[in-house]
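Geometric and topological summary
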Amino acid sequence: MICSNIGINKAGHLTFAGQDTVELAQKYSTPLYLIDEDKIREKMRIYVKAVAENFPSGSMPLYASKALCFKKIYGIAKEENMGVDVVSPGELYTAAQAGFPMEKVFFHGNNKTDEDIEFAIENRIGCFICDNLDELDAIDETAKRHGIVQKILLRLTPGIDPHTHVKISTGKVDSKFGIAIETGQADEAVKAALEKKNVALLGYHCHIGSQTFDIKPFVDGAEIMLKYIAHIKESLGYEADILNLGGGMGVRYVEDDPEIDYAANIKGIADMMKSKCRELGIKLPVVLMEPGRSIVADAGMTLYTVGGTKEIPGYKNYVSVDGGMTDNPRYTLYESPYTIALANKANEPAEKRYTVGGRCCESGDLIQENVSLPKAEKGDILAVMTTGAYNYSMASHYNRIPNPPVVMLKGGESYVAVKRETYADLMKNDL
């Protein structure tokens, strides 16, 4: 299996976090998001320990909320001594409602509105990741009205292409995110930030992209940022205290994907940074990282019920399920690969290749194509693995379809963290 928390029991059923997925589907109905809480905590502890062992005091990982956001996730992050990053007032509000300490919240976004900034400062947000000069002005003005000095990091683009999908590559010079180093605009932004009276520039942020298996782009990005710290120290006399390296380490969706030793990667990045800092004559900054996908992806599984099959001789076979692009839009958006199984026939040999189609009135509503499965029949339970990241958080109400519940698995027990939506929930804002 692609992950240690997946197996097959004596009944021939797929298990997840040690629990029978067929029984879970019967108990909670489908579509159903399953989240392995123990796996999330395991991954968080790996990051917390590795960052603490390799970087200066104050360094910490920040859970990237956009990967999977609901109240319980913030409670877990708080208990595991992580910070969080948020990318919207909605994520910030959820964190606040969960009782997460606001001083450990970092606010991202390339187009924070004036209302967003006001809301964040009213909630005593720990730090803004400032994306552009207009935002810098707005933060300074709002902080002045509130009589505070607001901490910020400037988001810079290091010009790195991690060779990942173009839609999740964010570190190139022409990205919509951040301020480019190579054009000289970053220097102008640093000067402007240092001149502000109600802004405290703590350092810089960069993020090269997501789902990257090779450590080299992260090392290259960190090296560029350290050189930039040295450049600004020499030219402006300002030495950054904090460097946020973003996230983006890949996860294993299919057997062909490599396994990543996250702790070893962090140590590798740290070893380079320590050496480079000595060479450049700068201090090793406090380091922040923003793991999201690599924390929650393989902690997730989605269960569906097969509604029927369709064979088109000479073309393809379809198996249709009771969910689709509304609860998992990633194949439609990115042609993302997934490992799929029939949970009630997990120990049976594959007989056919299927395209897994969703229930939406949309020809592109597919979850995966050319999947080898045992003969599929109406009523089978179909499991899609590694769906903890960017599934629930990207879910929609297309075709007025309610979202599935989120059921957490912990220590052999299960509990509902997010209720299944009802049709009434879909209409609660209709007038």
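Each value, and the rule that gives it
- Residues numbered from 1 in each chain as written.
- Predicted model: local features only at pLDDT ≥ 70, side-chain atom pairs only at ≥ 80, totals over all residues.
- Heavy atoms only, no water.
- Buried < 20%, exposed > 50% of the residue type's maximum accessible area, 1.4 Å probe, protein only.
- Helix = DSSP H or I, 4+ residues; strand = E, 2+ residues; numbered from the N terminus.
- Arc of directions from axis to C-beta.
- Contact = heavy atoms within 4.5 Å.
- Salt bridge = Lys/Arg side-chain N within 4 Å of Asp/Glu carboxyl O.
- Phe/Tyr/Trp six-rings, centres within 6.5 Å; stacked < 30°, edge-to-face > 60°.
- Disulfide = S-S within 2.5 Å.
- Axes fitted to C-alpha atoms, helices over the stretch in contact; angles between N-to-C directions.
- Parallel < 35°, antiparallel > 145°, perpendicular 65-115°, else oblique.
- Left-handed = near helix turned anticlockwise from the far one by under 90°.
- Nonpolar A, V, L, I, M, F, W, Y, C, P; charged D, E, K, R; others polar.

Here we come to helix α7 (residues 185–195). Buried residues of α7: A186, D187, A189, V190 and A193, and no others. Seen end-on, α7 carries its buried residues on one side only, within an arc spanning 160°. In this fold, the buried residues of α7 make contact with α6 (133–146), β9 (150–157), β10 (179–180), β11 (199–205) and α8 (216–236).

Quick look at the pattern of salt bridges now. Under the defined criterion, the tally for this structure stands at 24 salt bridges. Residue K352 pairs with E311 through a salt bridge whose shortest N-O separation is 2.2 Å. Of the two residues, K352 sits in strand β17 (residues 352–357) while E311 sits in strand β14 (residues 300–312), which places them 41 residues apart along the sequence. Through salt bridges with shared partners, a single network forms among E37, R41, R45, E79, E80 and K410.

Attention now goes to the packing of aromatic side chains. Inspection of the entire model under this criterion finds 8 aromatic pairs. Aromatic pair F70 and Y392: ring centres 6.0 Å apart, planes at 85°, arrangement edge-to-face. Separated by 322 residues along the polypeptide, F70 in the loop between β5 (60–64) and α3 (71–79) and Y392 in the loop between β19 (381–385) and β20 (406–410) bring together distant segments of the chain. Assessed through its relative accessible area of 5%, F70 is described here as buried.

A full pass over the atoms with the stated rule returns 0 disulfides. The cysteine C277 is free of any disulfide, with C206 supplying the nearest cysteine sulfur at 13 Å.

Now for the packing of α8 against helix α9 (residues 262–280). For the pair α8 and α9, interaxial distance at closest approach is 10 Å and the crossing angle is 25°. Relative to α9, the element α8 lies roughly parallel. Here α8 runs over α9; the crossing is right-handed. Of the residues in α9, those touching α8 at F218, V219, A222, E223, L226, K227 and A230 are I269, M272, M273, K276, C277 and L280. Among the residues making up the contact of α8 with α9, the classes are represented as 10 nonpolar, no polar and 3 charged.

What follows concerns unusual backbone geometry. With an omega dihedral of -5°, the bond running from T30 to P31 counts as a cis peptide bond. Examined against the element boundaries, P31 turns out to sit in the loop between α1 (21–28) and β4 (32–36). With a phi angle near 60°, T386 is a residue other than glycine that sits in the positive phi range. Here T386 is to be found in the loop between β19 and β20. We classify T386 as buried; its relative accessible area is 2%. Located in the positive-phi region is N399, a residue other than glycine, with phi close to 65°. Along the polypeptide, N399 turns up in the loop between β19 and β20. On the basis of relative accessibility, which here comes to 36%, the residue N399 falls in the partly exposed class.

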